[in-house]
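# Secondary and tertiary structure notes
Single-letter residue listing:
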Amino acid sequence: MLAKKQKYNVAVAGATGAVGRKILQILEERNFPVAEIKALASARSVGQSLMFRGSPVIVEELNEKSFEGVDIALFSAGAGVSRQFAPFAVKSKCIVIDNSSAFRMEPDIPLVVPEVNPDAIGSEPGIIANPNCSTIQMVVALKPIHDKFKIKRIVVSTYQS
């Protein structure tokens, strides 16, 4: 389990993509207690500069050694990248929060929406998966209804580009 600390070393895998940039922005907006931030991406993005809390962060290449000293890794680089590199992060004692589809159906990996089922994380999380964007919004809205009336079935269709 992640030890309670004053500040955490955080890595963002897929930092140069739209979601990765948004993760950096939200960490800053929420004043998440970041000691050090690592922006990780593919070789073609190495050397780019991203801003975090008014300072430039130079993008590093995502590799097997990227997670040494990192407490939390936020993955948003696609399922293939998550499958390849999340296990290295876990071996480095890093908690992975994966935004891809890579681990959503794995029986031993919790699928979590913090406002709905944070208790699913357990004491030794390793990798934490999250549902896709439309599912997250839906279950956050449905949770209080389910708690009061016990929803038995829902049929949903989404059309995404």
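Whatever comes next refers back to the structure up there.
Residues numbered from 1 in each chain as written. Predicted model: local features only at pLDDT ≥ 70, side-chain atom pairs only at ≥ 80, totals over all residues. Heavy atoms only, no water.

The next subject is the overall build of the protein chain. Within the protein chain, the secondary structure is distributed over 3 helices and 8 strands. Reading the protein chain from its N terminus to its C terminus gives the helix and strand order β-α-β-β-β-β-β-α-β-β-α. Each principal axis of the C-alpha atoms in the protein chain carries an extent, and together these give about 50 × 35 × 30 Å. Per-residue burial for the protein chain yields a buried fraction of 35% across its 161 residues. Counting only contacts in the protein chain whose residues sit at least 6 apart along the sequence, the fraction spanning at least 24 positions is 50%. For the protein chain, the computed accessible surface area is about 10000 Å², with 55% contributed by carbon and sulfur atoms. Computing the positive centroid from 19 side-chain charges and the negative centroid from 15, the protein chain places the two 6 Å apart. (Helix = DSSP H or I, 4+ residues; strand = E, 2+ residues; numbered from the N terminus. Buried < 20%, exposed > 50% of the residue type's maximum accessible area, 1.4 Å probe, protein only. Contact = heavy atoms within 4.5 Å. Areas by Shrake-Rupley, 256 points an atom, 1.4 Å probe, with all protein chains shown as cover. Lys, Arg positive; Asp, Glu negative; His and termini not counted. Charge placed at Lys NZ, Arg CZ, Asp CG, Glu CD.)

Before going further, it helps to examine helix H1 (residues 18-29). Spanning 12 residues, H1 covers 16 Å between terminal C-alpha atoms, matching the ideal 16 Å at 1.5 Å per step. Three or more residues of H1 are buried, namely Gly-20, Ile-23, Leu-24 and Leu-27. One face of H1 carries all of its buried residues, which in axial projection span an arc of 95°. Exposed positions of H1 whose direction lies more than 90 degrees from the buried face are Ala-18 and Glu-29. Those residues of H1 that are buried are in contact with strand S1 (8-13), strand S2 (34-41), strand S3 (49-52) and strand S6 (72-75). Looking one or two residues beyond H1, the residue adopting positive phi is Asn-31, at roughly 55°. (Expected span 1.5 Å × (residues − 1). Arc of directions from axis to C-beta.)

Summed over all chains, the structure comprises 3 aromatic pairs. Taking 6.1 Å as the distance between ring centres and 35° as the angle between the ring planes, the aromatic pair formed by Tyr-8 and Phe-32 counts as tilted. Note that Tyr-8 is positioned in strand S1 and Phe-32 in the loop between H1 and S2, a separation of 24 residues in sequence. Residue Tyr-8 is classed as buried on the basis of its relative accessible area of 8%. The class for Phe-32 is partly exposed, based on a relative accessible area of 27%. Arranged with centres 5.6 Å apart and planes meeting at 25°, the rings of Phe-67 and Phe-75 form a pair that is stacked. Of the two residues, Phe-67 and Phe-75, neither departs from the other in class, the shared state being buried. (Phe/Tyr/Trp six-rings, centres within 6.5 Å; stacked < 30°, edge-to-face > 60°.)

The next thing to look at is the nonpolar core. In terms of nonpolar packing, the biggest core is built from 19 residues, with Phe-67, Ala-73, Phe-75, Val-96 and Phe-103 touching the most fellow members. Elements with a contribution of two residues or more to this core: S1, S6, helix H2 (79-91) and strand S8 (127-129). At 4 residues, the largest contribution of residues to this core is made by H2. Every residue in contact with Phe-67, bar those within four places of it in the chain, is listed here: Ala-11, Leu-40, Leu-62, Ala-73, Phe-75, Phe-85, Phe-88, Ala-89 and Ser-92. If you look at the next biggest cluster of nonpolar residues, it comprises 17 residues, including Val-12, Ile-23, Val-34 and Leu-50. (Core = buried A, V, L, I, M, F, W, Y, C linked by side-chain atoms within 4.5 Å.)

Honestly, it's all geometry; don't read function into it.
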